[in-house]
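Tertiary structure, described
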Amino acid sequence: MRAARTDTAGAHTVDVDGNVRETYRADDHGGDGYIAEIEILRGDLSRVLYEGTRDGVEYLFGDRIAALTQDADGVDVALVGGASTW
């Protein structure tokens, strides 16, 4: 995750004249503020998670969830394409 982070050091909010109104640093609030110490773009997060799990997880691409039904045995997943899995 650290290798894929954005390396954002901070940010500013400015008014219409370009005057800095507030400054946010990555280490504000212990690194858990407006700008986090580790910030990662959604696509990069997806790639890192996929690459780390693809050998042990079955991924289904090109479909989407139509319904979830939970019972004592688990969760049934119905996909828009018609397949069901659990």
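Model, not experiment: these values are computed from the prediction. (Residues numbered from 1 in each chain as written. Predicted model: local features only at pLDDT ≥ 70, side-chain atom pairs only at ≥ 80, totals over all residues. Heavy atoms only, no water.)

Take the pattern of salt bridges next. Pairs may arise between side chains of opposite charge once their charged atoms sit close together. If you walk through the whole model with that rule in mind, you get two salt bridges. For Asp 44, the salt bridge identified is with Arg 47, shortest N-O distance 3.8 Å. Of the two residues, Asp 44 and Arg 47 both sit in helix α1 (residues 42–53), three residues apart, roughly one turn of that helix. A relative accessible area of 26% means that Asp 44 is categorised as partly exposed. Here Glu 51 makes a salt bridge to Arg 47, at a shortest N to O gap of 3.8 Å. Placement of both Glu 51 and Arg 47 in helix α1 is noted, with a separation of four residues, approximately one turn of the helix. Judged by its relative accessible area of 42%, Glu 51 is partly exposed. Look at Arg 47 and you get partly exposed, because its relative accessible area is 38%. Through salt bridges with shared partners, a single network forms among Asp 44, Arg 47 and Glu 51. (Salt bridge = Lys/Arg side-chain N within 4 Å of Asp/Glu carboxyl O. Helix = DSSP H or I, 4+ residues; strand = E, 2+ residues; numbered from the N terminus. Buried < 20%, exposed > 50% of the residue type's maximum accessible area, 1.4 Å probe, protein only.)

By secondary structure assignment, the location of Val 48 is in helix α1. Each C-alpha atom, one on Val 48 and one on Ala 4, is 7.9 Å from the other, the two residues being 44 residues apart in sequence.

Our next topic: the packing of aromatic side chains. Think of a pair of aromatic rings as described by two things: how far the centres are apart, and how the planes are tilted against each other in angle. All told, the structure shown has three aromatic pairs when counted by the stated rule. Between the aromatic rings of Tyr 59 and Phe 61, the centroid separation amounts to 5.9 Å while the plane-to-plane angle is 10°, which identifies the pairing as stacked. Here a set of aromatic residues connected by ring pairs shows up, and it is made of Tyr 50, Tyr 59 and Phe 61. (Phe/Tyr/Trp six-rings, centres within 6.5 Å; stacked < 30°, edge-to-face > 60°.)

We now examine the pairing of strand β4 (residues 74–79). Note that strand β3 (residues 65–71) and β4 share six bridges and pair antiparallel. The residue of β4 that forms the bridge with Asp 71 is Gly 74. Taken together, β3 and the strand that follows it, β4, pair antiparallel across an intervening segment of two residues. (Pairing = 2+ DSSP bridges.)

The quantities given are spatial measurements derived from coordinates; they are silent on function.
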